[in-house]
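Given next are the chains, with one letter for each unit.
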Amino acid sequence: MPTTSDAPVLDTLAAMTIDSIERCGMDERTLILTRIAALVAMDAPAISYLAHVDPAVKAELTVEQLQDVLVAIAPVVGTARVMSAAGHISQAFGVAIAMAEAEARSIAEAEARSRDSS
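Rules used throughout
- Residues numbered from 1 in each chain as written.
- Predicted model: local features only at pLDDT ≥ 70, side-chain atom pairs only at ≥ 80, totals over all residues.
- Heavy atoms only, no water.
- Core = buried A, V, L, I, M, F, W, Y, C linked by side-chain atoms within 4.5 Å.
- Buried < 20%, exposed > 50% of the residue type's maximum accessible area, 1.4 Å probe, protein only.
- Helix = DSSP H or I, 4+ residues; strand = E, 2+ residues; numbered from the N terminus.
- Contact = heavy atoms within 4.5 Å.
- Salt bridge = Lys/Arg side-chain N within 4 Å of Asp/Glu carboxyl O.
- Axes fitted to C-alpha atoms, helices over the stretch in contact; angles between N-to-C directions.
- Parallel < 35°, antiparallel > 145°, perpendicular 65-115°, else oblique.
- Left-handed = near helix turned anticlockwise from the far one by under 90°.
- Nonpolar A, V, L, I, M, F, W, Y, C, P; charged D, E, K, R; others polar.

Engineer: Is there a simple way to think about the nonpolar core in this case?
Structural biologist: One broad rule of soluble globular proteins: the nonpolar side chains tend to lie buried together. Ranked by size, the top nonpolar core spans 21 residues in total, and within it Ile 36, Val 40, Tyr 49 and Leu 61 carry the most contacts. Here this core gets six residues from one element, more than from any other, and that element is helix α2 (residues 28-41).

Engineer: What's the story with the side chain of His 52 in this structure? I'm lost.
Structural biologist: When you line up the elements, His 52 lands in helix α3 (residues 46-58). According to the relative accessible area criterion, His 52 is buried, its value standing at 15%. Each residue touching His 52, except ones within four places of it in the same chain, is listed here: Ile 32, Arg 35 and Leu 39.

Engineer: Looking at this model, I keep getting lost on the environment of Leu 50. Mind explaining?
Structural biologist: Relative to the elements of secondary structure, Leu 50 occurs in helix α3. Between the C-alpha atoms of Leu 50 and Val 76, which are 26 residues apart in sequence, the distance is 24 Å. Among residues more than four places away in sequence, those in contact with Leu 50 are Ala 92, Val 95 and Ala 96.

Engineer: How should the pattern of salt bridges be read in this particular structure?
Structural biologist: Side-chain pairs of opposite charge can arise where the charged atoms are in close proximity. The full count for this structure, using the stated rule, is two salt bridges. Asp 54 is the partner of Lys 58 in a salt bridge, and the nearest nitrogen-oxygen pair spans 3.0 Å. Residue Lys 58 and its partner Asp 54 are both found in helix α3; the two are separated by four residues, about one turn of the helix. Taking relative accessible area as the criterion, Lys 58 reaches 57% and is therefore assigned exposed. Its relative accessible area of 44% is what places Asp 54 among the partly exposed residues.

Engineer: Looking at this structure, I do not really get the packing of helix α4 (residues 63-77) against helix α5 (residues 79-117). What am I missing?
Structural biologist: Packed helix pairs are characterised by how far apart their axes lie and by the angle those axes make with each other. Running from N to C, α4 and α5 point in directions that differ by 150°, and their axes come no closer than 8 Å. The orientation of α4 with respect to α5, classified from their angle, is roughly antiparallel. For α4 against α5, the interelement crossing comes out right-handed. Across the interface between the two elements, Leu 66, Leu 70, Ala 74 and Val 77 from α4 touch Thr 79, Arg 81, Val 82, Ala 85, Ile 89 and Phe 93 from α5. Tallied by class, the residues present in the contact of α4 with α5 amount to eight nonpolar, one polar and one charged.

Structure (structure tokens):
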């Protein structure tokens, strides 16, 4: 029986991702690097990379490792895709940073209001 949701597409994508991770024997870092390589090959938009920022941070990926993936796949996918991916990755990190800053600001404001009302 289908379930109702406010975000059925996102829920489906999340379920697919969880299922994929549970069935995959790769370590976290290799899995994320492989997914990023696939995104580059597909010329994915920035929003697709954004979904991988938090897992990449949690897997402690470095900028150098990400660059190594781009260098490794460039001869296969081509320079245009690699350059497009670099721009999309930059956009995704920019959005992630802006979101983190907004969250930090909200927390600071809530704490300030809490202190003022005490």
